[in-house]
Amino acid sequence: MKRLSISRYSIAASLLFALATNAATAGQRVVLPDAVTPAHYRIDFTPNAAALTFKGSVEIDVVVHRATNSIALNAVDLVIDSASLAGESKAPTVSYDKAIETVTLTFDHPLTNGAHTLKLAYHGTIYQSASGLFALDYQDPNVGSKAPLRALFTQFENSDARRFVPCWDEPGIKATFDLSATLPAGLMPLSNMPVASTDALAGGLQRVHFARSPQMSSYLLFFGAGDFERVRRVVDGVDVGIVVKRGDTANAGYALDAASALLPYFNEYFGTPYPLPKLDLIAAPGSSQFFGAMENWGAIFYFEKYLLVDARLSTQADRQAVYNVIAHEMAHQWFGDLVTMAWWDDLWLNEGFASWMANKSTDHFHPEWKVWLQSLTAKHAVMQRDARDGTHPIITPIDDVAQANNAFDDITYTKGEAVIRALEFYVGDSAFRAGVRRYMRDHKYGNTVTDDLWAAIGKESAVPIEQIAHDITRQAGVPMVNMLSSRCDGGKTTLSLNQTHFAIDAGSTTARVWHLPVKVATLGQAPTAIIVSGAAPAQVVTAGCGPAILNAGQGGYLRSRYTHEGLAAIAARYAELSPDDQLGILNDTVSLGNAGELPMADYLDLTRSIPAATDPVVLSTLVGQFEQLDLLYRGLPTQPAFRAYARRVLKPQFVRVGWDVRAGESDNTAILRADLIAALGEFGDPEVIAETRARFARYLAKPAGFDAGARRSLLGRVAAQADQPTWDKLRQMARAAASELERRELYELLGSAESDDLTRQALALVLSSEVPSTIAPNIIRRTAARHPEATLDFAVAHWDKLSTMLEASSAQLFVPRLAGNSTNLKTIETLNAFATGHAPENARQEYVLAIARIRYSAKVRATRLPEVDRWLAVNGSVPP
Ligand SMILES: [Zn+2]
C-alpha cells in the first residue's frame with residue numbers, strides 16, 4: 001500500500017504529518033484458531049450498487065487438522081443467512097464476536113480430520129469509503145451526463161476482506177480463489193485474474209467468472225467494476241493494462257510507458273518472472289485520507305492522481321511521484337504478494353522494501369531526477385520523529401487489527417527504506433540482489449519473517465549482516481556517529497569516532513548501542529568503511545587530507561556530529577562536496593543545532609556557504625529548512641530579520657532560475673522554481689508578491705499560456721496571499737472546474753490563505769453543502785499548516801459534523817495531526833482534553849506524537865531562536 005505522506009516539506013505542498021504509530025506493549029495476539037484452515041474459496045456474489053448492499057455465497061475447501069467442534073472465520077458487517085458443511089446433516093449454530101471480528105460455526109460433535117467443504121450464504125454492505133467492497137461516485141464531464149456515475153472497488157489491506165467474504169483474514173493464511181460476480185452488462189469487471197468466461201443473463205445482466213488466482217493472502221483479493229476503458233500492451237508475455245474511467249485514456253499513456261519499462265526490470269532484478277497472465281493498474285476517481293494506492297495482485301488500485309498524468313494539470317513533481325508510486329506497487333507484486341510477511345509485525349518488510357525498490361528502479365530509468373538525493377529529505381524527517389517520544393522499533397509487536405492499522409507509518413516505510421538502503425550500501429548491490437533472488441526463489445507463494453531475508457542475503461554477502469540488521473530493526477531511535485578528533489599525517493587522515501544515541505525527548509534518551517557500518521572519506525578520496533559501536537572511541541585511517549566526511553555518500557541511517565573545526569573545514573570547501581554530502585550535512589547540522597548538540601551558528605554558517613550552482617535538490621532542501629524555521633518564528637518580533645536573511649540567501653538563486661521554464665533545464669530545476677516562488681512569497685519578497693498578482697491577471701485572461709508547473713505554483717502563491725476578491729475568484733473557479741481533479745485542487749487552495757479572516761471563511765465553507773465531504777477534510781488540513789491553533793479549535797467545536805466526513809481508519813489521526821505545526825503549549829491542553837473524550841486510551845499514539853512535536857517546537861523556539869537572532873545581528877546583512 002502507498003500511504004499518504006509528504007517527502008518534502010513546503011508551505012505550498014505540505015499537508016499531512018507523519019502517520020500514526022502504535023508502540024503497543026506485547027499483549028495477546030488476536031488470531032483465529034489453527035485447527036481448521038482453508039485451501040480454496042469459490043466466491044459468487046451479486047452487488048446491488050444502487051442500494052449499497054450485496055449478496056454472496058462461498059464454498060470453502062477446508063482442512064481440519066485436529067478434533068474440534070467449531071470453525072471460526074473472520075467477518076465484519078456480514079450476516080450469515082445459511083451455513084452447512086458437506087456431509088453433515090445438521091446445520092451448525094452461528095455466533096458472532098464483534099470485538100474480535102469473527103463468526104463461529106459450532107457443530108454438535110467433533111469434525112473428522114481431513115478435507116471438508118463449508119458452504120455459506122450471506123449478505124453485506126457496500127461502503128462509501130475505501131474499505132471492504134465500496135462505491136465511488138463521480139461526475140463525469142467527458143460523458144456529459146448530469147447524474148453521477150458509480151463504480152465499485154475493493155480495499156482489503158490490512159484486514160477488510162472480512163467485510164466482503166467470511167474468511168481466514170490473516171496474511172499468513174494463503175489460499176486460492178475463484179471469484180464470480182453478477183453485474184449489469186456493459187460494466188467492465190476486474191479482478192486479480194482475467195475473465196475466464198461470461199454468461200449473458202436476462203434483464204441486462206452478466207455473470208462473470210474470473211480465472212483461479214494463485215495461492216495468496218486474503219488482503220490481496222480484488223474486485224472492481226464500472227464504466228471503464230483499458231489501454232494495454234503485451235510486455236514479456238504479460239498483458240499490461242491501464243484502466244481508467246471512460247474518457248480518460250489520454251491521461252493513461254505515461255503510466256503505460258512506465259509500467260512497460262518497469263516490468264522487465266523487476267523480472268530481471270527478482271530473478272522470478274511476474275507469475276500472472278495480466279497486470280492491471282486501475283485509476284479510480286476520488287481520494288482517501290489514508291492511502292494512495294494498493295498492490296492487489298495483478299489488479300493494482302490507484303486513486304487517479306497517483307496514476308494518471310494530465311498534460312494540463314500535472315507538474316514535474318506529479319510525474320515523478322506517479323512514476324514512484326507505480327514502481328512501489330509493482331515491486332509489491334513480488335515483495336508482499338509473491339512472498340508475504342507471516343504477520344503484521346513484519347509489515348516493514350513489505351513497505352520498506354517496496355519504497356526502497358521504487359527509488360532504485362525509478363533511479364535506473366530517470367537518473368536525472370536524483371531520487372536518492374531527494375530521499376535524504378524524507379530520511380531526515382523520519383529521523384526527527386524517531387528521535388522523539390512515541391517512536392518504536394521497525395519490527396514491532398502487533399496484536400490485532402487496530403494496531404495493524406496504525407503500523408502504516410513513517411517508521412515502517414521511510415526508516416524501513418533507509419535501512420534497506422544502508423544494508424545494500426554495506427554488502428554491495430550485486431550481493432544484495434543475489435540475496436533477494438535467493439529469497440524469492442526459496443519463499444515464493446509462502447510467508448516469511450524478517451530473519452529469512454537476512455539469512456538469504458547473508459548467504460550471498462562477504463560480510464556478516466545479522467547483528468547490524470538486528471540492532472537497527474529491533475530497537476527504536478537514531479544512532480549518531482561523533483567525530484572526536486581528526487589528524488592528518490603523511491597524506492592520510494586518522495579519525496577518532498564513537499557512537500551515541502541521538503534523542504531529543506526525555507522519553508527517548510535511553511542510551512542505545514548499534515553495530516553501525518559507517519563510511520568515512522576525505523574530500524575527493526575513496527571512502528573507508530568501519531563498524532562503530534558504543535561510546536568507546538574507534539580509530540580509522542582514510543586516504544587524503546582534505547575535510548573529512550562522515551557517512552560519506554549518506555547511505556547510512558544515522559546522524560553525524562562533527563567537531564567545530566571539522567565543520568569549518570567542510571564549510572570552506574562546501575561547493576566541492578557531492579550533492580548527497582552537501583544535503584546530508586545541512587540536515588544533520590540543522591537537526592543538531594535545534595537539539596542544542598551544536599551551535600546554531602554552525603548551521604547558519606553553512607547556509608552562507610551555498611554556492612550559486614548548487615544542485616536544485618539541495619537548494620529545495622534549504623528552502624524547506626528555512627520554511628520550518630519560519631514556522632517557529634511565527635509571531636515573534638525577530639521574524640522579519642530572519643525573513644530578510646532567508647530572502648537574501650534565496651533571491652539570487654531565484655534570479656538564476658527565473659520565473660519561466662527554460663529550454664533544456666532539468667525537471668528538478670522546475671520543482672526548485674516552484675519552491676522558491678512559494679518561499680520568497682511567504683518571506684515577503686515584494687517583487688514575487690507583485691509579479692504573482694500580475695501573472696494571475698494574465699492567467700485569468702489566458703490560462704493556456706501557463707504550463708502545468710507554472711500554473712500550480714502560481715495558484716499556490718495566489719491562494720496564500722489572497723485578498724477577499726482573489727479568494728472569491730478562486731472559489732468561483734473551483735465551482736466551474738472542468739474536472740474532478742481540478743475542482744479538488746482549487747477548493748483545497750481556499751484553505752491556504754495567510755489571512756485569518758479568509759481562513760475562517762474557508763473553515764465555514766467546510767460546513768456548507770457546497771464542498772463535497774471527500775474534499776472538506778483536505779481544506780481543514782490546509783488551514784492547519786499556517787493556522788494550527790485556530791484550525792484545532794474549529795475541529796474540536798465541529799467534531800460531530802467533521803467525524804462523518806472522515807474514513808474510519810483516519811478519524812483517530814485527524815485531530816492530533818492538525819496541531820502538528822503549533823508551537824503553543826496551550827494546544828497540548830486542547831489535545832489532551834479532546835483525547836479524553838474521543839480517543840480510546842490504547843489509540844492515542846498520534847496524540848503522543850503531536851504533543852512531542854509541539855513541545856519540541858516550543859522548546860526550539862524559546863531556546864534556539866535567540867541564538868539565531870544573535871547570529872543574524874552579526875551576519876544577517878552580510879551578503880552570503
Ligand atoms: Zn506499499
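Remember, predicted model here, so these are calculated numbers, not experimental data.

Undergrad: Would you explain the pairing of strand 11 (residues 174-184) in this entry?
TA: Every regular strand shows the same layout, with side chains that alternate between the two sheet faces. With ten of eleven residues buried, strand 11 lies mostly within the body of the structure. As judged from the two bridges shared by strand 11 and strand 15 (residues 216-217), these two strands associate in the antiparallel manner. Bridging across to strand 15, Ala-175 finds its partner in Met-216. In this sheet, strand 14 (residues 205-210) lies alongside strand 11 in antiparallel orientation, the contact comprising five bridges. Note on strand 14: the bridge partner recorded for Ser-180 is His-209.

Undergrad: How should I be thinking about the environment of Ala-776 in this particular structure?
TA: Its location among the elements puts Ala-776 in helix 21 (residues 776-786). For the pair formed by Ala-776 and Thr-104, sequence separation is 672 residues and the distance between their alpha carbons is 40 Å. When residues no more than four places from it in sequence are discounted, the contact partners of Ala-776 are Val-766, Val-771 and Met-805.

Undergrad: I would appreciate a short explanation of the coordination of the zinc ion in the present structure.
TA: Reference values for coordination geometry: four tetrahedral donors around a metal ideally subtend 109.5 degrees, six octahedral donors ideally subtend 90 or 180 degrees. All of the protein donors around the zinc ion are Met-1 (N), Met-1 (O), His-328 (NE2), His-332 (NE2) and Glu-351 (OE); their distances to the metal are 2.0 to 2.6 Å. We note that the donor set of the zinc ion lies within a single chain, spaced as M-x326-H-x3-H-x18-E. Taken together, the residues span about one helical turn, with His-328 and His-332 both in helix 2 (residues 316-332) at a distance of four residues.

Undergrad: What exactly am I supposed to notice about the packing of aromatic side chains here?
TA: To describe a pair of aromatic rings, you give the distance between the ring centres and the angle between the ring planes. In total, this model carries 43 aromatic pairs according to the counting rule given. An angle of 65 degrees between the planes, with centres 6.2 Å apart, marks the rings of Tyr-269 and Trp-356 as edge-to-face. Highlighted residues: Tyr-269 in helix 1 (residues 253-270) and Trp-356 in helix 3 (residues 347-365), separated in sequence by 87 residues. Accessibility classification places Tyr-269 together with Trp-356 in one group, the buried group. Ring geometry for Tyr-633 and Phe-642: centres 5.0 Å apart, planes at 20 degrees, overall stacked. The exposure class of Tyr-633 is buried, given its relative accessible area of 0%.

Undergrad: Looking at this structure, I do not really get the pattern of salt bridges. What am I missing?
TA: Here the idea is simple: oppositely charged side chains can pair when their charged atoms come close. Taken as a whole and judged by the stated rule, the model has 55 salt bridges. As a salt-bridge pair, Asp-108 and Lys-90 come within 3.2 Å of each other at their nearest N and O atoms. Here the residue Asp-108 occupies a position in the loop between strand 7 (102-106) and strand 8 (114-125), and Lys-90 occupies one in the loop between strand 5 (79-85) and strand 6 (93-97), the gap between them amounting to 18 residues. In this structure, Glu-597 and Arg-561 form a salt bridge, with 2.2 Å as the shortest nitrogen-oxygen distance. Linking Glu-597 in the loop between helix 11 (579-594) and helix 12 (600-607) with Arg-561 in strand 30 (residues 559-561), this pair joins segments that are 36 residues apart in sequence. For Arg-561, a relative accessible area of 23% gives the class partly exposed.

Undergrad: Would you mind showing me how to read the sheet that holds strand 18 (residues 238-245) here?
TA: What holds strands together in a sheet is hydrogen bonding between their backbones, with the strands either parallel or antiparallel. Reading across from one edge, 1-20-21-19-18-17 is the order of the six strands in this open sheet, with mixed pairing throughout. Each edge of the sheet is formed by a strand with only one pairing partner; in this case those strands are strand 1 (2-3) and strand 17 (228-235). The pairing of strand 18 with strand 19 (residues 278-284) spans five bridges and is classified as parallel. Looking at strand 19, one finds that Ile-242 is bridged to Leu-281. Across the sheet, helix 1 touches strand 17, strand 18 and strand 19, and the angle it forms with strand 17 is around 35 degrees. Most of the contacts of helix 2 go to strand 21 (residues 299-303), to which it runs at about 150 degrees, and overall it touches strand 1, strand 19, strand 20 (291-294) and strand 21.

Undergrad: Which parts of the structure should I look at to understand unusual backbone geometry?
TA: Generally, phi is negative for residues other than glycine and the peptide bonds are trans, each holding for most cases. With omega at 10 degrees, the peptide bond leading from Glu-157 into Asn-158 counts as cis. Residue position: Asn-158 is located in the loop between strand 10 (149-155) and strand 11. With a phi close to 60 degrees, Leu-52 is a non-glycine residue in the positive phi region. Positive phi, normally seen in glycine, also occurs at Asp-236, with a value near 50 degrees. Residue position: Asp-236 is located in the loop between strand 17 and strand 18.

Undergrad: Any chance you could explain the environment of Ala-462 here in plain terms?
TA: Within the fold, Ala-462 resides in the loop between helix 8 (450-460) and helix 9 (466-474). In sequence terms Ala-462 and Val-427 are 35 residues apart; their C-alpha atoms lie 7.1 Å from each other.

Undergrad: What's the story with the side chain of Thr-589 in this structure? I'm lost.
TA: Structurally, Thr-589 is set in helix 11. Since its relative accessible area comes to 2%, Thr-589 is described here as buried. Filtering out sequence-adjacent residues up to four positions away, Thr-589 remains in contact with Leu-567, Leu-598, Tyr-603 and Leu-606.

Undergrad: Got a minute to help me understand the pairing of strand 24 (residues 478-489) in this structure?
TA: In this sheet, strand 25 (residues 492-502) lies alongside strand 24 in antiparallel orientation, the contact comprising eleven bridges. Among the inter-strand pairings, Ser-485 is bridged to a residue of strand 25, identified as Ser-496. Counting the residues between successive antiparallel strands, the hairpin from strand 24 to strand 25 contains two residues, one of them, Gly-490, with a positive phi of roughly 60 degrees. Sheet topology places strand 24 next to strand 30; three bridges connect them, and they run parallel. Looking across to strand 30, one finds that Val-481 is bridged to Ser-560.

Undergrad: Hey, could you run me through the packing of helix 7 (residues 429-443) against helix 8 in this one?
TA: Packed helices, taken two at a time, are described by their axes: the angle between them and the distance between them. Between helix 7 and helix 8, the shortest axis-to-axis distance is 7 Å and the interhelical angle comes to 130 degrees. Considering their axes alone, helix 7 and helix 8 lie oblique with respect to each other. Like other packed secondary-structure pairs, helix 7 and helix 8 cross with a definite hand, here right-handed. Between helix 7 and helix 8, the residues in contact are Ala-431, Phe-432, Ala-434, Gly-435, Val-436, Arg-438, Tyr-439 and His-443 and Asp-452, Leu-453, Ala-456, Ile-457, Lys-459 and Glu-460, respectively.

Undergrad: Would you take a moment to explain the state of the cysteines for this structure?
TA: What is meant by a disulfide is a covalent connection between two cysteines, made through their sulfur atoms. This model, assessed by the stated rule, comprises one disulfide. Linked covalently through their sulfurs, Cys-488 and Cys-545 form a disulfide whose S-S length is 1.8 Å. Between Cys-488 and Cys-545, the S-S torsion sits near 80 degrees, and that sign places the bridge as right-handed. Of this pair, Cys-488 sits in strand 24 while Cys-545 sits in the loop between strand 28 (538-543) and strand 29 (548-550); the two residues are 57 residues apart in sequence, bridging distant segments of the chain. Owing to a relative accessible area of 37%, Cys-545 belongs among the partly exposed residues under this scheme.

Undergrad: I tried to follow the confidence of the model for the protein chain on my own but got confused; where do I start?
TA: Should pLDDT be low for a region, the predicted coordinates there are not to be read in detail. A residue-level look at the protein chain finds 96% of positions with pLDDT of 70 or above and a mean pLDDT of 93. Of the regions scoring below 50 in pLDDT, residues 6-26 engages in 77 contacts with residues more than four places distant in sequence or in other chains.

Undergrad: What exactly am I supposed to notice about the sheet that holds strand 7 here?
TA: Ordered in space as 4-7-6, the three strands form an open sheet in which the pairing is antiparallel. On the outer flanks of this sheet lie strand 4 (70-74) and strand 6, each paired with one strand and no other. Taking each pair of neighbouring strands and ignoring which way they run, the sheet shows an average axis angle of 20 degrees. Bridge count for strand 4 against strand 7 is five bridges, and the pairing is antiparallel. Within the sheet, the bridge partner assigned to Ile-71 lies in strand 7 and is Leu-105.

Undergrad: What is the right way to read the packing of helix 14 (residues 639-657) against helix 15 (residues 667-682) from this model?
TA: Taken N-terminus to C-terminus, the directions of helix 14 and helix 15 make an angle of 145 degrees; their axes are 10 Å apart at the nearest point. In the crossing of helix 14 with helix 15, the sense of the turn from one axis to the other is left-handed. Two secondary-structure elements touch here, helix 14 through Arg-643, Arg-647, Leu-650, Lys-651, Gln-653, Phe-654 and Val-657 and helix 15 through Thr-669, Leu-672, Arg-673, Leu-676, Ile-677, Ala-679, Leu-680 and Glu-682. The class makeup of the residues in the contact of helix 14 with helix 15 is eight nonpolar, two polar and five charged.

Conventions we followed
- Residues numbered from 1 in each chain as written.
- Predicted model: local features only at pLDDT ≥ 70, side-chain atom pairs only at ≥ 80, totals over all residues.
- Heavy atoms only, no water.
- Buried < 20%, exposed > 50% of the residue type's maximum accessible area, 1.4 Å probe, protein only.
- Helix = DSSP H or I, 4+ residues; strand = E, 2+ residues; numbered from the N terminus.
- Pairing = 2+ DSSP bridges.
- Contact = heavy atoms within 4.5 Å.
- Donors = N, O, S within 2.8 Å, 3.2 Å for Na, K, Ca; no water.
- Phe/Tyr/Trp six-rings, centres within 6.5 Å; stacked < 30°, edge-to-face > 60°.
- Salt bridge = Lys/Arg side-chain N within 4 Å of Asp/Glu carboxyl O.
- Axes fitted to C-alpha atoms, helices over the stretch in contact; angles between N-to-C directions.
- Parallel < 35°, antiparallel > 145°, perpendicular 65-115°, else oblique.
- Left-handed = near helix turned anticlockwise from the far one by under 90°.
- Disulfide = S-S within 2.5 Å.
- pLDDT = per-residue confidence, 0-100.
- Nonpolar A, V, L, I, M, F, W, Y, C, P; charged D, E, K, R; others polar.

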